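Examination of the molecular architecture
What follows is each chain in one-letter form.
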Amino acid sequence: MIGQLKNKSLADLKLVNSLDSLEEWRVNYLGRKGELTKILRSIGSLPDDQRKKIGSESNLLRVLLEDQYKKIKPKLESNLSVYSSVDITLPGRKDHIGRLHPITSIIREISSAFADMGFNIVEGTESEIEHYNFDLLNIPFDHPARDQWDTIWLDRPNRKDNLLRTHTSPMQARIMENTEPPIRVITPGKCYRYEATDSTHEWHFHQIEGLVVGENISFSDLKGTLYEFAKRIFGSDRKVRFRCDFFPFVEPGVDMSIDWKGDWIEILGAGMVHPKVFQGVGYDPDKYKGFAFGMGPERIAMLRYNIEDIRQFFSNDLRFLSQF
Ligand code: DAH
């Protein structure tokens, strides 16, 4: 009899899902007119042989049920307080989901255009040494081209040649030192220059460097690759212009401009890798040829999205950033 009551009361307890149904359960089993109370009350009138057994069983059951009751009540109460702190009658609100920074998106877009052409993507170090940032790129100490790159030097104990890279070109040398041709790679990343900022100059910005090296690479490979890139990013009928330019690490060197509302806007520098750069990394310049290019994703994003001031990219102004 007590065993049955135990099973029934515990099964009923499993169905309890609110403070009200818990109270109902308590009244049913432990209340003054409850089933267990009735049994407990009748113990005195039971024959001697049953009194002891039923008495102790029903007392144990009472302790068990009271225990269960005490355990479950606070749980239901705390659920209630969660619900009561949420006003379910309030209208829904839009979640604020983050988004990619416009520079990150444009770097990814450019990277995927080159990845489709078989390029690998490698990132490099932002802290460099003179050797890679200048010397191996055919920019010796006394070369006037060093003036073009106003450099932020790092103050390291025992090192006087440590700097924040002024361009991503040092990665050309680092990659060639560690790889055998053929090479087809781009390296996006951050660069730094010690200069006054204005609407088209920032002291920190990004570049995407490209390098292709092989036995039969020619200037027409350079043009074909960069035409394809321009088409992908600016549309297939975009006019593109190459002009001669000078960069110490290429020969010949060019810059590439795109037609932008009737004006030519320069978007990158490029050229055939200079034989001295090949020699510096231990490549035979008679055996290998290659081309390199470097572009600024900020400039490209400014054209794409009609942004007039480069400083907006890093001003952390949500009114600007949430437009992308
Ligand atoms: N590093 C150059 C700069 O910062 C850009 C550049 C020009 C990179 C020509 C190249 C290149 O690889 O061939 O202005």
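Located above this text is the structure these notes cover.
This one's a predicted model, so the numbers in the text were calculated from it and none came from an experiment.

Considering the sheet that holds strand β2 (residues 127–129)
On the basis of which strands lie adjacent, the open sheet formed by 3 strands has the order β2-β4-β3 and antiparallel pairing. Single-partner strands in this sheet number two, and they are β2 and β3 (152–153). Where β2 meets strand β4 (residues 162–164), 3 bridges bridge the pair, whose relative direction is antiparallel. Considered in β4, the bridge of Ser 127 is made with Leu 164.

Let's talk about the site of the ligand
Taken together, 16 residues lie near the ligand, and His 167, Ser 169, Arg 193, Gln 207 and Glu 209 sit nearest. A distance of 2.9 Å separates a nitrogen atom of the ligand from a polar side-chain atom of His 167. Side-chain polar atom of Gln 172 to an oxygen atom of the ligand: 3.1 Å apart, as the coordinates give it. In the complex, the protein chains occlude 92% of the 350 Å² of accessible area that the ligand would expose alone. For the shell around the ligand, the residue count by class is 7 nonpolar, 7 polar and 2 charged.

A look at the packing of helix α1 (residues 2–14) against helix α2 (residues 19–30)
Packed helix pairs are characterised by how far apart their axes lie and by the angle those axes make with each other. Two elements in contact, α1 and α2, have axes separated by 10 Å at closest approach and are oriented at 170°. With respect to α2, the axis of α1 lies roughly antiparallel. The residues of α2 that touch α1, namely those facing Leu 5, Lys 8, Ser 9, Asp 12 and Leu 13, are Leu 22, Trp 25 and Tyr 29.

Describing the packing of α2 against helix α3 (residues 35–42)
Axis separation between α2 and α3 bottoms out at 4 Å; the angle between their running directions is 20°. Taken together, the axes of α2 and α3 are roughly parallel relative to one another. For the pair formed by α2 and α3, the contact residues are Asn 28, Tyr 29 and Leu 30 on the first element and Glu 35, Leu 36 and Thr 37 on the second. Classifying every residue of the contact of α2 with α3 by side-chain character gives 3 nonpolar, 2 polar and 1 charged.

Rules used in this analysis
Residues numbered from 1 in each chain as written. Predicted model: local features only at pLDDT ≥ 70, side-chain atom pairs only at ≥ 80, totals over all residues. Heavy atoms only, no water. Pairing = 2+ DSSP bridges. Helix = DSSP H or I, 4+ residues; strand = E, 2+ residues; numbered from the N terminus. Near = heavy atom within 4 Å. Polar contact = N/O pair within 3.5 Å; in protein donor to acceptor, adjacent residues only side chain to side chain. Areas by Shrake-Rupley, 256 points an atom, 1.4 Å probe, with all protein chains shown as cover. Nonpolar A, V, L, I, M, F, W, Y, C, P; charged D, E, K, R; others polar. Axes fitted to C-alpha atoms, helices over the stretch in contact; angles between N-to-C directions. Parallel < 35°, antiparallel > 145°, perpendicular 65-115°, else oblique. Contact = heavy atoms within 4.5 Å.

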